[in-house]
Amino acid sequence: MANSDGPQADRVVDETYATTLDPERYEALLSAWSDYVSGLPERQGDAAFQADSVNTHFQRALAILDRMGRVEAREETARQMTDQMPGPALVMKPDCEIIAANQVCLDLLGGRMPQGLADLELDADAIVRLRAWVNPNAPASEQGQFLLLPTALGPDGIDTRLLATRISLHAGPGTASDDAILVAAVDVHLNMSMGKKLMAAYGLSQAELDVALRLARGEAPETIARDRGAKVATVRTQIRAILSKLDVKTVTDAVRVLTSYGATMNAAGAVARQAPARREIDRWLTQHQMTLSDGRRLAWLEQGDPNGRPVLFFHHIYLGPAWTHPSVEALARQGWRVIAPSRPGFGLSDGISSATPEERIEITTNSYSELLDRLETGPVLLVGHANGMIHAQDFAARKPQRVRAVLSVGGETSWEDGMERDLPWHHRVMATTLLRAPSAIGFIARATVAFIDTGRDDFLLRTLHRDSPLEQRVARRPEVKQVILDGLRHTVRQGANGLVAEIRLALNDRRETARRVKCPFRIVHGMQDNVFTPDMFELFASTVPGVELIPIEDAGQYLLYSHWPRIIAEMERMWRDTAAPHARGSKAGARFA
């Protein structure tokens, strides 16, 4: 039996902390963990693991990984904010540590990333005012939402105005926000087109526009008069007219209005320049959310033709709701609407607290039924991807009036003792962990996603598919790789609770539910799949009457991504074969019935 004093436990502890610093130690960690967990008792393994000091180290390492992941997510949010600004911009913490700066700012500073305010080379007075403003102990009167700072900036002492804004940085659902400060140069840079819009918006004359912009640059009335060859009294009259038209009382307020207008126009222009052009695929991929009757949030992805024949898609445990872009385009062309909800605790869908496995299945079925009520789809074709079949077959058994047919893509729901020994290495480790020490799954899953956080995507995919050259080749396709990585993020976005619950479901035999499905039931599966093997599909079909197997010789577990034309063709056949009983009463998809 494994224990905290043995060499196996010591090796696990060493590799656990090594993996938090270097994710490429992940394979060594899983190897050490596999040896350790195999020594735990089958029935009371989790109790033994929780009592072992190894569990304490796992929890500490998980906290480290989560913290590193949240820091990375917040810094990425900060980078995205600064990149949208047309001029120099940065984000800093309340202690004035700078965590992001855009390229315009870096260029102005000679290419170096600033670490603190001193690196910006601001005027001394500006630094004092900014530090006082961010100080949480400052009087309430000095803690406004914005601070406008005239100052020099950078080694060349460029005169500018900085606008400091209090913001919050989030790392995703279920995480606390961090306070931060966005500092951006907001000088008024208006071209002729913008100037005309400003004149039209406020009714300014050409002369008043020129005077207003000079005021915004900090010029005094005497300077403006000299440069314009006008009398000071004339300029002051124009200033009074400007204040009246802008509906403000002071020149300072007028500068704020002009600065805001210029910054907004420039920022909008920058966003338009930086944002990618709307692609055709964007018409066929839309994300949605709704609040269920029990108050939980349900998120779903729609793919294909919004007016097409409705398909309710049950996603893979690891791979999420998205199909590849080429398959989505084909869905749209061929008149399919794939409705793909995220199950509780996955993606943006709220989790379920303290639910038994059977309660989880029932709650998921009822949530999806509520979604179909809202969408008014009529009877749908169910497509279950791999382990998603657990929920697809339950939906078909509980809600037969809502279902035309069931199509499994590479999944079945049998389980017999010892099956975990025949799984590929990575799946075997996960299954053994769930059977003997489920408390450890959170760290194992988070360590997996640490590869994505640190840009080691290719190494991760090689590790996951070390037993399958076919899957390695398929996963190298750009569109497939993106779906896999997005799916892993989707799985652990809110932590590992949803993942643990779903793997528990998968390690139980659910053929009895499958036998209650009365509609047409077909399974498309890859003959090279080493997770759901051909023998497993034969066992399932031989014990569940009415199931039709459709083997694909050169496909593996990723056949939804590699052989999607075959999947869509089978959807077409099933829809056609079930058209007559559902020809009436369906709103969505009626033109295809």
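Residues numbered from 1 in each chain as written. Predicted model: local features only at pLDDT ≥ 70, side-chain atom pairs only at ≥ 80, totals over all residues. Heavy atoms only, no water.

Applying the stated criterion across every chain, the model contains six cavities of 30 Å³ or more. Taken as a whole, the largest cavity holds about 320 Å³ of empty space. Together, 21 residues line the largest cavity, and N387, A506, L507, V531 and F532 are the ones closest to its centre. Among the elements that line the lining of the largest cavity, the one with the most residues is helix α15 (residues 425-436), at three residues. The residue makeup of the lining of the largest cavity, split by class, is 13 nonpolar, seven polar and one charged. (1 Å grid on protein atoms, 1.4 Å probe; cavity = no way out; pocket = protein on both sides within 12 Å on 5 of 7 lines; lining within 4 Å. Points joined across faces, edges and corners; volume = space filled by probe spheres on them. Helix = DSSP H or I, 4+ residues; strand = E, 2+ residues; numbered from the N terminus. Nonpolar A, V, L, I, M, F, W, Y, C, P; charged D, E, K, R; others polar.)

Read across the open sheet, the five strands follow the order β2-β1-β5-β4-β3; overall the sheet is antiparallel. The open sheet has two edge strands with one neighbour each: β2 (98-101) and β3 (146-153). Between one strand axis and the next, the sheet turns through 25° on average, direction left out of account. Across four bridges, the pairing between strand β1 (residues 89-92) and strand β5 (residues 178-185) is antiparallel. (Pairing = 2+ DSSP bridges. Axes fitted to C-alpha atoms, helices over the stretch in contact; angles between N-to-C directions.)

Let us now look at the sheet that holds strand β11 (residues 403-409). One open sheet holds the eight strands; their spatial order is β6-β7-β9-β8-β10-β11-β12-β13, and the pairing between them is mixed. Every interior strand has two partners, whereas the edge strands, β6 (285-291) and β13 (547-552), have only one. Averaged over all pairs of adjacent strands, the angle between strand axes in this sheet comes to 25°, irrespective of strand direction. Here strand β8 (residues 309-314) pairs with strand β9 (residues 336-341) via four bridges, running parallel. Directly across from V311, in β9, lies its bridge partner V338. Across the sheet, helix α12 (residues 325-333) lies against β6, β7 (297-304) and β9, angled at about 75° from β7, the strand it touches most. (Contact = heavy atoms within 4.5 Å.)

In terms of nonpolar packing, the biggest core is built from 109 residues, with W323 and M571 touching the most fellow members. Non-local contacts of W323, meaning those with residues more than four positions away in its chain, are made with Q303, F313, V328, L331, V338, V483, L560, I567, I568 and M571. (Core = buried A, V, L, I, M, F, W, Y, C linked by side-chain atoms within 4.5 Å. Buried < 20%, exposed > 50% of the residue type's maximum accessible area, 1.4 Å probe, protein only.)

Once that is clear, we can look at the packing of helix α9 (residues 221-228) against helix α10 (residues 232-246). In contact at an axis separation of 8 Å, α9 and α10 are set at 115° when each is read in the N-to-C sense. Of the possible angle classes, the one that applies to α9 and α10 is roughly perpendicular. In this structure, α9 meets α10 at a crossing whose hand is right-handed. Between α9, through P221, E222, I224, A225 and R228, and α10, the contact on the second element is made entirely by V232, V235, R236, Q238 and I239. The residue makeup of the contact of α9 with α10, split by class, is six nonpolar, one polar and three charged. (Parallel < 35°, antiparallel > 145°, perpendicular 65-115°, else oblique. Left-handed = near helix turned anticlockwise from the far one by under 90°.)

Before going further, it helps to spend a moment on the environment of D486. Considering the arrangement of structural elements, one finds D486 in helix α19 (residues 478-492). On the basis of relative accessibility, which here comes to 37%, the residue D486 falls in the partly exposed class. Side chain to side chain, D486 and R489 meet in a polar contact 3.1 Å long. (Polar contact = N/O pair within 3.5 Å; in protein donor to acceptor, adjacent residues only side chain to side chain.)

Further remarks concern the pattern of salt bridges. Here the structure, examined in full by the defined rule, presents 26 salt bridges. With a closest N to O distance of 3.3 Å, K93 and E97 form a salt bridge. Note on E97: relative accessible area 36%, which makes it partly exposed. Between K245 and E208 there is a salt bridge, with its nearest N and O atoms 2.7 Å apart. Residue K245 is located in helix α10, and its partner E208 is located in helix α8 (residues 206-216); the two are separated by 37 residues in the primary sequence. Residue classification places K245 among the partly exposed residues on the basis of a relative accessible area of 34%. Via salt bridges that share partners, D210, R214, E219, R226, D227 and R228 belong to a single interconnected network. (Salt bridge = Lys/Arg side-chain N within 4 Å of Asp/Glu carboxyl O.)

What follows concerns helix α14 (residues 389-398). The buried fraction of α14 amounts to nine of the ten residues, a majority that puts the element mostly inside the structure. Within α14, the full set of buried residues consists of M389, I390, H391, A392, Q393, D394, F395, A396 and A397.

A few words on helix α20 (residues 497-506). Across the ten residues of α20, seven count as buried, placing the element largely inside the fold. Turning to α20, its buried residues are G498, L499, V500, E502, I503, L505 and A506.

A few words on the pairing of β3. When β3 meets strand β4 (residues 158-169), the two strands line up antiparallel, connected through eight bridges. Paired with F146 across the two strands is T165, which belongs to β4.

Our focus in this paragraph is the packing of aromatic side chains. Taken as a whole, this structure holds seven aromatic pairs when the rule is applied. Judged by centre distance (5.7 Å) and plane angle (90°), the rings of W336 and W575 are edge-to-face. Taken together, the residues W336 in strand β9 and W575 in helix α24 (residues 564-577) connect sequence positions 239 residues apart. The exposure class of W336 is buried, given its relative accessible area of 0%. With centroids separated by 6.1 Å and ring planes inclined at 65°, the aromatic side chains of F521 and F540 adopt a geometry described as edge-to-face. With F521 in strand β12 (residues 521-526) and F540 in helix α22 (residues 534-543), this pair connects stretches of sequence that are 19 residues apart. Here F521 and F540 have matching classes, each one buried. Linked through ring pairs, F314, Y368 and F395 together constitute an aromatic cluster. Stacked on the ring of W336, the Lys or Arg R309 has its end atom at 3.8 Å from the ring centre. One cation-aromatic arrangement involves R404 over W575; the distance from NZ or CZ to the ring centre is 3.6 Å. (Phe/Tyr/Trp six-rings, centres within 6.5 Å; stacked < 30°, edge-to-face > 60°. Lys NZ or Arg CZ within 6 Å of the ring centre and 35° of its normal.)

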